[in-house]
Amino acid sequence: MVKRTGLKIFSILVGIGIALLCFEVGATAWLTLRDGKYTSAAKLFTQNTNTFVEAAARESGCRYGDTLFPHPYLAFVHSKGQPCSLRNINNIGLFGEDFPDQRRTDRFVVLLTGGSVAAQLGQMYPKPAPRYLEDELNRNYVSPNGKPFLVLNGGDGAWKQPQQTILFSIYANFVDAVVTLDGYNEQLMIQPGVVSRFELPGNNFLDANPIAAQDGFGKVVVSWMAGRVAAWIQSGFLENSHGAYLLVEGLSQLTTKTDPRTAKLFWEMMKLPQDIYDDPNKLMAHQIEQYRKYIRIMDMTARHYNVKSMFFLQPVPAVDKPLTEEEKRATPDMTYGKRYVGIVRDLETLNEGGIAVRSLLDIYAGEKETIYADSIHAYQAPDGESRGYRIMAARMARDMAQGWDLKAKAKQ
């Protein structure tokens, strides 16, 4: 009797194993046919993400999109006090210190805004994780009002203009200075047929925020549970399974808004004239001019409110840094370098009109060790420390000091 029961259980387990093996083989074959080439499951899981997204997913135990929350002016921020919320979320859904509702007299307040690189430079993690730019300014320079510097973190993953302009417009009369840190995702990866692998896929607000995209408590609960399952699958040994990847894709389809009418409406609202969209040169020129426009708007707003301003353009692995083997694996496509240098040089011409635009392209030129964790973000240790962001903060603080006539502190 016992032997018969054991044999039955063994037969069931063998059957399940064979079924799972067949599912894995079938999933691998299907994904290979669909994509036109074989790609490992581990690469499929990571190709549409980056270290910013991965850090948020690890901390929340959810997918990145599940941490987001709709904002009436900024499109999206992060939820607070919800099942998938991140730590260190402030009163407006961004990271770090609360944003003020009046100008502070005990600090010299600098608003740092941009995308995910700006968010990491401002620091995602709670103290005692370092505030790179704030630490650098307080260590080496005296603020114009003699008070300690406070850097507000106004950056977030997938943010791009005009989100920075809108944020500054809301808080311009409550801060003493504003700096932007962006450039790469703003312009480089928006040509027809070129998709940004660094922030856009899976993180577009309309596609990635199931809570905003669906109504009804039951749907929200299903979305949250499915997101947790997907995050668990990706975080364990199943990251090497094509079947698991296919399951995660299915869960993503289940929990995101797929109404074709909504997609059509969104496309119609955002599309450019066809003659611009069909011509890569016209499209790039149009986008750069849009970017220049937002910088000008921020500069004019800053002047009106007597706020100091500076606009920084991010470094990229494809320009100036001798890459380590690890960095080369993280950045297989280096062909964009020349194009990006051209964009930076174009934007730097704004200096001729008195707008302070500063390039950070060369900040890692002498660095032989690994700085980049992916194709744009610098490595951060679990405690938030980062040599790359320390170097970036030092250069930015130096440029700010020169442009704003900050006095250097006496060396101890």
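Predicted model, so just to flag it, every value in this text is computed and none were measured.

Undergrad: Can you walk me through the overall build of the protein chain in this structure?
TA: Summing up its helical and strand segments, the protein chain has 17 helices and nine strands in all. The buried share of the protein chain, reckoned over its 412 residues, is 49%. Taken as a whole, the protein chain presents about 20,500 Å² of accessible surface, with 58% of it coming from carbon and sulfur.

Undergrad: How should I be thinking about the sheet that holds strand 3 (residues 108–114) in this particular structure?
TA: Backbone-to-backbone hydrogen bonds join strands into a sheet, with any given pair of strands oriented parallel or antiparallel. Strand order in the open sheet formed by five strands is 5-3-6-7-8, and the pairing between neighbours is parallel. With one partner strand each, in any of the chains shown, strand 5 (149–155) and strand 8 (357–359) form the two edges of the open sheet. Neighbour-to-neighbour, the strand axes of the sheet open up by a mean angle of 20 degrees, direction not taken into account. Bridge count between strand 3 and strand 6 (residues 177–182): five bridges; the pairing is parallel. Its bridge partner being in strand 6, Gly-114 is matched across the sheet by Leu-181.

Undergrad: Is there a simple way to think about the pattern of salt bridges in this case?
TA: If the charged atoms of two oppositely charged side chains come close together, the side chains can form a pair. Within the structure shown, the criterion is met by 21 salt bridges. For the salt bridge of Glu-136 with Arg-139, the shortest nitrogen-to-oxygen distance reads 3.0 Å. Highlighted residues: Glu-136 and Arg-139, both in helix 5 (residues 132–140), separated by three residues, approximately one helical turn. Linked through salt bridges whose partners overlap, the residues forming this network are Glu-97, Arg-104, Asp-106 and Arg-107.

Undergrad: Please clarify how the nonpolar core should be interpreted in this entry.
TA: One recurring pattern in soluble globular proteins: nonpolar side chains tend to sit buried together. By size, the foremost hydrophobic cluster in this structure holds 85 residues, and its most contacted members are Leu-181, Met-392, Met-396 and Met-400. Per-element tally for this core: the top contributor is helix 17 (residues 387–404), with nine residues. Look past the residues within four positions of Met-400 in its chain and what remains in contact with it is Val-110, Leu-133, Leu-137, Val-179, Met-310, Phe-312, Asp-405 and Leu-406.

Undergrad: Explain the packing of aromatic side chains here, please?
TA: Working definition: an aromatic ring pair is given by the centre-to-centre distance plus the angle between the planes. If you walk through the whole model with that rule in mind, you get seven aromatic pairs. With 5.7 Å between their ring centres and 70 degrees between their planes, Phe-52 and Tyr-64 make a pair best called edge-to-face. Taken together, the positions of Phe-52 in helix 3 (residues 51–60) and Tyr-64 in the loop between helix 3 and strand 1 (68–71) put the pair 12 residues apart, joining distant regions of the chain. This pair shows no difference in class: Phe-52 is buried, exactly as Tyr-64 is. Site record: aromatic cluster; members linked through ring pairs are Phe-52, Tyr-64 and Phe-95.

Undergrad: Please explain the pairing of strand 6 as it appears in this structure.
TA: Strand residues, when the strand is regular, have side chains that alternate between the two faces of the sheet. Burial analysis of strand 6 places six of its six residues in the buried class, which makes it a mostly covered element. Sheet topology note: the strand 6/strand 7 (residues 308–313) ladder contains six bridges and is parallel. Among the inter-strand pairings, Val-179 is bridged to a residue of strand 7, identified as Met-310.

Undergrad: Can you help me understand the confidence of the model for the protein chain in this one?
TA: For residues with low pLDDT, the predicted coordinates do not support detailed interpretation. Here the protein chain shows a mean pLDDT of 81. Residues at 70 or above account for 76%. Of the regions scoring below 50 in pLDDT, residues 188–225 engages in 87 contacts with residues more than four places distant in sequence or in other chains.

Undergrad: When you look at helix 17 in this model, what are you seeing that I'm missing?
TA: An α-helix turns once every 3.6 residues. As a result, residues three or four positions apart point the same way. Relative to the 26 Å expected for 18 residues at 1.5 Å per residue, helix 17 spans 25 Å between its end C-alpha atoms, a close match to the ideal helical length. Looking only at helix 17, the buried set comprises Gly-388, Tyr-389, Ile-391, Met-392, Ala-393, Arg-395, Met-396, Ala-397, Asp-399, Met-400, Ala-401 and Trp-404. At the N-terminal boundary of helix 17, the capping side chain belongs to Ser-386, with an oxygen 3.4 Å from the backbone nitrogen of Gly-388. Asp-405 occupies a position one or two residues after helix 17 and carries a positive phi of about 55 degrees.

Undergrad: Teacher, can you tell me more about the packing of helix 5 against helix 17 here?
TA: For any two helices packed against each other, one specifies the crossing angle of their axes together with the interaxial distance. Direction vectors running N to C along helix 5 and helix 17 enclose 50 degrees, while the axes themselves pass 8 Å from each other. With respect to their mutual orientation, helix 5 and helix 17 come out oblique. As for the relative orientation of helix 5 and helix 17, their crossing is right-handed in sense. Between helix 5 and helix 17, the contacting residues are Tyr-132, Leu-133, Asp-135, Glu-136, Leu-137 and Arg-139 on the first element and Tyr-389, Arg-390, Ala-393, Ala-394, Met-396, Ala-397 and Met-400 on the second. By residue class, the composition of the contact of helix 5 with helix 17 is nine nonpolar, no polar and four charged.

Undergrad: What exactly am I supposed to notice about a nonpolar patch on the surface here?
TA: Taken together, Ile-9, Ile-12, Leu-13, Ile-16 and Leu-20 make up a surface patch of nonpolar side chains, about 490 Å² in accessible area. With respect to the helices and strands, the residue Leu-20 is situated in helix 1 (residues 2–35). Using a relative accessible area of 54% as the deciding quantity, one classes Leu-20 as exposed.

Undergrad: Looking at this structure, I do not really get the packing of helix 6 (residues 163–171) against helix 14 (residues 280–304). What am I missing?
TA: The geometry of helix 6 relative to helix 14 is characterised by a closest axis approach of 9 Å and an angle of 10 degrees between their N-to-C directions. With respect to their mutual orientation, helix 6 and helix 14 come out roughly parallel. Two secondary-structure elements touch here, helix 6 through Gln-164, Thr-165 and Phe-168 and helix 14 through Tyr-294, Ile-297, Met-298, Thr-301 and Ala-302. Taken together, the residues of the contact of helix 6 with helix 14 break down into five nonpolar, three polar and no charged.

Thresholds applied
- Residues numbered from 1 in each chain as written.
- Predicted model: local features only at pLDDT ≥ 70, side-chain atom pairs only at ≥ 80, totals over all residues.
- Heavy atoms only, no water.
- Helix = DSSP H or I, 4+ residues; strand = E, 2+ residues; numbered from the N terminus.
- Buried < 20%, exposed > 50% of the residue type's maximum accessible area, 1.4 Å probe, protein only.
- Areas by Shrake-Rupley, 256 points an atom, 1.4 Å probe, with all protein chains shown as cover.
- Pairing = 2+ DSSP bridges.
- Axes fitted to C-alpha atoms, helices over the stretch in contact; angles between N-to-C directions.
- Salt bridge = Lys/Arg side-chain N within 4 Å of Asp/Glu carboxyl O.
- Core = buried A, V, L, I, M, F, W, Y, C linked by side-chain atoms within 4.5 Å.
- Contact = heavy atoms within 4.5 Å.
- Phe/Tyr/Trp six-rings, centres within 6.5 Å; stacked < 30°, edge-to-face > 60°.
- pLDDT = per-residue confidence, 0-100.
- Expected span 1.5 Å × (residues − 1).
- Polar contact = N/O pair within 3.5 Å; in protein donor to acceptor, adjacent residues only side chain to side chain.
- Parallel < 35°, antiparallel > 145°, perpendicular 65-115°, else oblique.
- Left-handed = near helix turned anticlockwise from the far one by under 90°.
- Nonpolar A, V, L, I, M, F, W, Y, C, P; charged D, E, K, R; others polar.
- Patch = residues over 30% accessible without salt bridge, like charges linked within 9 Å, V, L, I, M, F, W, Y side chains within 5 Å.

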